[in-house]
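Residue strings, one per chain:
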Amino acid sequence: FTAVYKLGQGEVLEGKAFDLRTAMDQTRRVKDQAEVNLIKQLAQIATHGYNKIHEVLRPGITEIDLQLAYEGEIRRQGAHGVPYETIIGGGPNSAILHAIPTDRVVQEGEFVLVDAGAEVYDYCVDITRVFAASGKLSSQHTALYQLVRRAHTECIAMSKAGVFWRDVHMHAARVISEGLLQLGILKGSLDTLMEKEVGSVFFPHGVGHLVGLRVRDTGHAENREPKTYFGARLRVDIELEENHLITVEPGCYFISSLLESAEVQARFKDDINWSEVEKWKGIGGVRIEDNILIGRDGNENLTIDVPKHIEL
Ligand code: GLY
Ligand code: MN
Ligand code: MN
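Note that the coordinates shown come from a computational prediction; the quantities given were computed from them, not determined experimentally.

A. Local environment of the site of ligand 1. Taken together, Tyr 84, His 98, Asp 115, Asp 126, His 209, Arg 216, Glu 249 and Glu 289 form the complete shell of residues around ligand 1. Within the side chain of Arg 216, an N or O atom sits 3.0 Å from an oxygen atom of ligand 1. Glu 249 has a polar side-chain atom sitting 3.0 Å from an oxygen atom of ligand 1. Taken together, the residues of the shell around ligand 1 sort by class into 1 nonpolar, 2 polar and 5 charged.

B. Quick peek at the pattern of salt bridges. On inspection of all chains with the given rule, the structure shows 23 salt bridges. Between Arg 21 and Asp 25 there is a salt bridge whose closest N-O contact spans 3.8 Å. Of the two residues, Arg 21 and Asp 25 both sit in helix H2 (residues 15–29), 4 residues apart, roughly one turn of that helix. Measuring nitrogen to oxygen at the nearest pair gives 3.1 Å for the salt bridge that ties Asp 290 to Lys 308. Of this pair, Asp 290 sits in strand S9 (residues 290–294) while Lys 308 is found in the segment after strand S10 (299–301), placing the two residues 18 residues apart along the sequence. Classification of Lys 308 as partly exposed rests on a relative accessible area of 23%.

C. Here's a closer look at the packing of helix H3 (residues 33–56) against helix H4 (residues 63–76). Contact geometry of H3 with H4 gives a least axis separation of 8 Å together with a crossing angle of 145 degrees. The crossing of H3 and H4 is right-handed. Residues Ile 45, Ala 46, His 48, Gly 49, Tyr 50, Lys 52, Ile 53 and Val 56 of H3 pack against Leu 66, Ala 69, Tyr 70, Glu 73, Ile 74 and Arg 76 of H4. A per-class count over the contact of H3 with H4 returns 9 nonpolar, 2 polar and 3 charged.

D. Spatial organisation of helix H6 (residues 165–182). Between its terminal C-alpha atoms H6 stretches 26 Å, which fits the 26 Å expected from 18 residues at 1.5 Å a residue. Directly after H6, the chain includes Gly 184, whose backbone phi takes a positive value near 80 degrees.

E. Structural context of the environment of Met 170. Looking at the element boundaries, Met 170 is found in helix H6. For the pair Met 170 and Phe 230, spaced 60 residues apart in the sequence, the C-alpha separation amounts to 7.1 Å. Apart from the residues lying within four places of it in its own chain, the contact partners of Met 170 are Met 194, Tyr 229 and Phe 230.

Definitions and limits used
Residues numbered from 1 in each chain as written. Chains lettered and ligands numbered in written order. Predicted model: local features only at pLDDT ≥ 70, side-chain atom pairs only at ≥ 80, totals over all residues. Heavy atoms only, no water. Near = heavy atom within 4 Å. Polar contact = N/O pair within 3.5 Å; in protein donor to acceptor, adjacent residues only side chain to side chain. Nonpolar A, V, L, I, M, F, W, Y, C, P; charged D, E, K, R; others polar. Salt bridge = Lys/Arg side-chain N within 4 Å of Asp/Glu carboxyl O. Helix = DSSP H or I, 4+ residues; strand = E, 2+ residues; numbered from the N terminus. Buried < 20%, exposed > 50% of the residue type's maximum accessible area, 1.4 Å probe, protein only. Axes fitted to C-alpha atoms, helices over the stretch in contact; angles between N-to-C directions. Left-handed = near helix turned anticlockwise from the far one by under 90°. Contact = heavy atoms within 4.5 Å. Expected span 1.5 Å × (residues − 1).

Dropping the structure here:
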């Protein structure tokens, strides 16, 4: 047992060791009532942290100030800490997938993306919300937010036992591609765009991962060689079962390094409306992330109490 436990990621398990690891992973993924109760408490703690961000957020505050406000509040509320380095990005930084908070000052009218969790022992939640720094958002900000919100709502609605996770991922990819087509950012037919995976420039990650006992809850033993779907290697490529806990976190971003890549520009010369993209570049990105407990005929969103402040 010890030998199996100590094997690191990337080391190969064979035979009985693989079977044992797989059985343990499968058991661990299914959350019992005590675990669910604990995770619900963590969601409440995170809600306090997110409410604190809403309270202090204003133009002039820095990303680091927001991080300190959030982390101070969740520690006061009983969290042991954060399960991953808190991600906070204002304006263009909201397009950075793992943005480490900086001393950049939040500006009027921009997005602030906060991806922040809370942990006790090794149990955790992993949540993302996007705030408006101030006042009214532009029509572009609103359109981008609405698009991701639609993908988020629809992906949650389809998450239940018996569904293959890759199908949820592909649904997010389709909704985002369709939205970008309607906004005039992509060109051509939706089917061709999906086939060429053009939307992966704007949605370059998986739609979610198992969560709960650690931020990347186990899914690896059966996933030694993760396949790529729509440009993202899916670490979770399983059929959902009752009481799995999984994040649903579609996103859509204007990532300068991708949009300015000569290779991306050549590959998608005719599929992306490059002059339209110029008008969106500084806007950043949106991700919305909740932790979903899978049921036989539906699911329960354990992080639903963390408010989504941007109106649809
Ligand atoms: N917070 C990292 C993630 O969403 O996966
Ligand atoms: Mn996540
Ligand atoms: Mn996250």
